[in-house]
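Tertiary structure, described
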Amino acid sequence: MRGLVILSFVTLDGVMQSPTSPEEDPSGGFSGGGWGAPYWEEVMPQVYAEAMSAPYDLLFGRRTYDVFASHWPQVGGDDPVAARLNGGHKYVATRSVEHPLPWAESTRLTRDVVAEIKRLKAGEGPLIQVHGSADLIQTLLAHDLIDEFRLWVFPVVVGGGKRLFADGVAPGNLELVRTGSTRNGVVMAIYRRSS
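Right, let's walk through the structure included here. (Residues numbered from 1 in each chain as written. Predicted model: local features only at pLDDT ≥ 70, side-chain atom pairs only at ≥ 80, totals over all residues. Heavy atoms only, no water.)

So, the pairing of strand β3 (residues 90-93)
Put simply, side chains in a regular strand alternate between the two faces of the sheet. On β3, burial covers both faces: Lys90 and Val92 on one face and Tyr91 and Ala93 on the other are all buried. Pairing between strand β2 (residues 56-61) and β3: four bridges, direction parallel. In the sheet register, Leu59 faces β3, and the bridge partner there is Tyr91. (Buried < 20%, exposed > 50% of the residue type's maximum accessible area, 1.4 Å probe, protein only. Helix = DSSP H or I, 4+ residues; strand = E, 2+ residues; numbered from the N terminus. Pairing = 2+ DSSP bridges.)

Listed below in structure tokens is the structure:
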């Protein structure tokens, strides 16, 4: 059985939309993108050490896949983050069968996405990580498919935007398994499902 983990950057008020740049995801008229960029240099070594150094496969929504696929294949293999992202298998939840998947090792999930993700989790292989993909995360939450949350909370408030835990999420308890912080005020919290 494979675990499914959310790796997410969120503001103090719970927004996960467009942390790296304003162009990343302006959907819904969101104009606060790029809120995480001033903290990146200090945060990313911790993210890599705590959540990205062991092998994993990736599960994306289509829009997040497009953002990652336009950048990471061009980054050299000497970058450890690029090596992990480019080396893992990518699964893409998409309604479009025509949508090209240009990134190596990419597989489209189009039919019953929930059933396909359950099949992936039941199979053999490394951990499955979800990066970004706010809409997909809501589906995973609704179907109780998430085993762990690896969160980096930034000392920023942006108001509106896509939230990690949107309206209607089912109540539940999580167990805190690890914490940390950076000198510039970003707090890491890793939670697992309570048994």
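Let's talk about the environment of Arg62
Within the secondary structure, Arg62 sits in helix α2 (residues 62-69). Separated by 31 residues in sequence, Arg62 and Ala93 have C-alpha atoms that sit 6.0 Å apart. When residues no more than four places from it in sequence are discounted, the contact partners of Arg62 are Val92, Ala93, Thr94 and His99. A polar contact of 2.9 Å, which involves the side chain of Arg62, links it to the side chain of Asp66. (Contact = heavy atoms within 4.5 Å. Polar contact = N/O pair within 3.5 Å; in protein donor to acceptor, adjacent residues only side chain to side chain.)

Considerations on the nonpolar core
In terms of nonpolar packing, the biggest core is built from 29 residues, with Phe9, Leu85, Trp152 and Phe154 touching the most fellow members. Listed by contribution, the elements that provide at least two residues to this core are β1 (4-11), α1 (40-52), β2, α2, α3 (80-87), β6 (148-154) and β8 (187-193). Sort the elements by how many residues they give to this core and α1 lands first, with five residues. Discounting chain neighbours no more than four positions away, the residues touching Trp152 are Leu7, Ser8, Phe9, Val10, Val43, Gln46, Val47, Glu50, Ala51, Val186, Val187 and Met188. Grouped together as the second largest cluster of nonpolar side chains are 24 residues, Leu109, Val114, Leu120 and Phe149 included. (Core = buried A, V, L, I, M, F, W, Y, C linked by side-chain atoms within 4.5 Å.)

With respect to the sheet that holds strand β4 (residues 106-109)
Pairing in this open sheet of eight strands is mixed, and the strands run β4-β3-β2-β5-β1-β6-β8-β7 from one edge to the other. The open sheet is flanked by β4 and β7 (174-181), the only strands paired with a single partner. Each strand of the sheet is rotated relative to its neighbour by a mean of 25 degrees, with strand direction disregarded. Note that β1 and strand β5 (residues 127-131) share four bridges and pair parallel. Pairing of Leu4 across the sheet is with Ile128, part of β5. Of the strands in this sheet, β1, β2, β3, β4 and β5 touch helix α4 (residues 113-122), which is tilted by about 135 degrees from β4. (Axes fitted to C-alpha atoms, helices over the stretch in contact; angles between N-to-C directions.)

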